[in-house]
Amino acid sequence: MKIRFDDRVAIVTGAGGGLGRAHAIGLARRGAKVVVNDVGAARDGSGASDAALRVVEEIHAFGGEAIANGADVTSWDQVQAMVASAKGRWGRVDIVVNNAGILRDKTFSKMSLEDFRLVIEVHLMGSINVTKAVWDLMREQQYGRIVMTTSSSGLYGNFGQSNYSAAKLGLVGVMQTLALEGAKYGIRVNSIAPTAATRMTAGLMSDEMLAKLAPEHVTPAVLFLASEQAPNRCIIAAGAGGFEVAHITMTQGIFAMGEGSPEAIAANFDAMCNRRDELVPESGADQRVHEVAKFDIRYAS
Ligand code: NAI
């Protein structure tokens with residue numbers, strides 16, 4: 001079935017360029033009414049411009065519907081006003097793509113706490129602000145699709161990006177819980193871990209590699225996660241036409257208890273790491289269930 005967004009209203013943050021622009025255009029081309037949000041900041045978050053307006057003009061040029069919005073996602077007041085203007089104009093908000101972001105890369109020893117906090121404020125709190133501002137509306141609508149933009153840096157680490165990694169994995173944590181809380185209201189929450197040639201990655205990869213990584217190659221996964229057919233609580237990795245799913249897993253592990261347990265863990269660490277029959281817990285409670293089951297087996301009559 002063709003994925004369409006007719007009568008759906010979407011907010012895409014940080015959509016004045018890069019990945020957000022591609023997502024906003026992708027949604028609008030398939031019928032969504034789109035709020036193109038962007039403060040128009042530089043890569044490090046400084047300054048402002050009318051980047052969102054230019055993307056709206058692109059959307060209007062092919063007959064799509066969009067409005068520009070300059071809210072700073074770190075401002076709760078501005079975010080609430082953005083959601084109110086979307087609702088005022090189109091009556092609902094069905095889709096949020098939390099995409100706005102900045103970089104303040106430095107090794108941990110050289111990074112100021114200010115740069116640590118700022119990156120968390122924009123990526124993590126910015127996404128939480130927008131999600132919080134639409135959450136009750138989506139519950140009332142009994143329908144919502146939220147996409148968090150995580151990163152391989154958060155999932156797997158990246159030299160010089162401790163602030164960014166913390167923010168990006170934090171978003172996965174928020175997704176894990178909101179996916180559980182939203183399910184009964186028809187709200188599905190997922191994450192995208194993109195790889196794309198944008199100003200954020202300019203200079204970080206060879207030109208040959210960047211040429212394969214157009215942001216438009218990531219957007220199909222975002223459209224799927226924004227659609228009626230979206231899964232729930234899924235992390236899709238995407239770039240250069242490759243699409244994968246990332247999981248947070250747990251091994252079967254071992255059982256050890258009592259005085260000699262630290263030594264037992266050391267002696268059996270390889271067995272603990274063995275990935276055969278690895279689990280993908282469906283919620284945090286699964287860890288406890290798995291562990292108590294091992295206890296019960298060990299102490300069964
Ligand atoms: P980009 O720098 O082109 O886009 C980010 C946009 O967010 C900019 O247009 C900027 O003005 C806007 N923005 C920044 N602070 C804002 C604020 N407080 N309020 C509203 N808008 C704000 O970079 P790119 O690459 O398109 O990044 C988009 C998202 O994808 C980011 O969350 C980034 O961390 C993530 N990402 C990108 C990867 C890549 O390979 N390009 C890899 C992994 C994640």
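What you see is a predicted model, and the numbers here were worked out from it, not measured in a lab.

A.B. asks: Go over the packing of aromatic side chains with me, naming the residues and quoting the values.
C.D. replies: Inspection of every chain in the model, using the stated rule, returns four aromatic pairs. Where Phe255 meets Tyr299, the ring centres are 6.0 Å apart and the plane angle is 75 degrees; that geometry is what we call edge-to-face. Here Phe255, found in the loop between strand E8 (242-246) and helix H9 (261-267), pairs with Tyr299, found in the segment after helix H11 (285-298); they are 44 residues apart in sequence, far enough to count as distant. Note on Phe255: relative accessible area 28%, which makes it partly exposed. The interplanar angle of 50 degrees and the centroid separation of 4.9 Å between the aromatic rings of Phe295 and Tyr299 together place this pair among those described as tilted. In this structure an aromatic cluster arises from ring pairing among Phe255, Phe295 and Tyr299. Sitting over the face of the ring of Tyr185, Arg139 holds its NZ or CZ atom 4.2 Å from the ring centroid. Here the guanidinium or amino end of Arg298 rests over the ring plane of Tyr299, the centre of that ring lying 5.2 Å away.

A.B. asks: Account for the pattern of salt bridges, with residues named and values stated.
C.D. replies: In total, this model carries 11 salt bridges according to the counting rule given. In this structure, the salt-bridge partner of Asp277 is Arg276, at a minimum N-O distance of 4.0 Å. By relative accessible area, which is 65% here, Arg276 ends up exposed. When salt bridges with common partners are traced through the structure, they connect Arg8, Arg92, Asp94 and Glu228 into a single cluster.

A.B. asks: Outline the sheet that holds strand E2 (residues 33-37), listing residues and values.
C.D. replies: In sheet architecture, strand pairing relies on hydrogen bonds along the backbone and comes in two forms, parallel and antiparallel. Read from one edge to the other, the open sheet built from eight strands follows the order E3-E2-E1-E4-E5-E6-E7-E8, with strand pairing classed as mixed. Two strands lie at the open edges of the sheet, namely strand E3 (65-69) and E8, each paired on one side alone. Each strand axis lies, on average, 20 degrees off the axis of its neighbour in the sheet, ignoring direction. Where strand E1 (residues 9-12) and strand E4 (residues 95-98) come together, three bridges link them in parallel fashion. Bridging across to E4, Val12 finds its partner in Val97. Of the strands in this sheet, E1, E2, E4 and strand E6 (187-194) are in contact with helix H1 (residues 18-29), which crosses E1 at around 170 degrees.

A.B. asks: Go over the layout of surface pockets, please, and point to the residues and values.
C.D. replies: In this structure, the largest pocket encloses a volume near 980 Å³. The wall of the largest pocket is formed by 49 residues, among which Gly101, Ile102, Tyr164, Thr198 and Met200 lie closest to the centre. Elements with a contribution of two residues or more to the lining of the largest pocket: H1, helix H4 (113-141), helix H5 (152-156) and helix H6 (162-182). Residue classes in the lining of the largest pocket are distributed as 19 nonpolar, 24 polar and six charged.

Cut-offs used in this document
Residues numbered from 1 in each chain as written. Predicted model: local features only at pLDDT ≥ 70, side-chain atom pairs only at ≥ 80, totals over all residues. Heavy atoms only, no water. Phe/Tyr/Trp six-rings, centres within 6.5 Å; stacked < 30°, edge-to-face > 60°. Helix = DSSP H or I, 4+ residues; strand = E, 2+ residues; numbered from the N terminus. Buried < 20%, exposed > 50% of the residue type's maximum accessible area, 1.4 Å probe, protein only. Lys NZ or Arg CZ within 6 Å of the ring centre and 35° of its normal. Salt bridge = Lys/Arg side-chain N within 4 Å of Asp/Glu carboxyl O. Pairing = 2+ DSSP bridges. Axes fitted to C-alpha atoms, helices over the stretch in contact; angles between N-to-C directions. Contact = heavy atoms within 4.5 Å. 1 Å grid on protein atoms, 1.4 Å probe; cavity = no way out; pocket = protein on both sides within 12 Å on 5 of 7 lines; lining within 4 Å. Points joined across faces, edges and corners; volume = space filled by probe spheres on them. Nonpolar A, V, L, I, M, F, W, Y, C, P; charged D, E, K, R; others polar.

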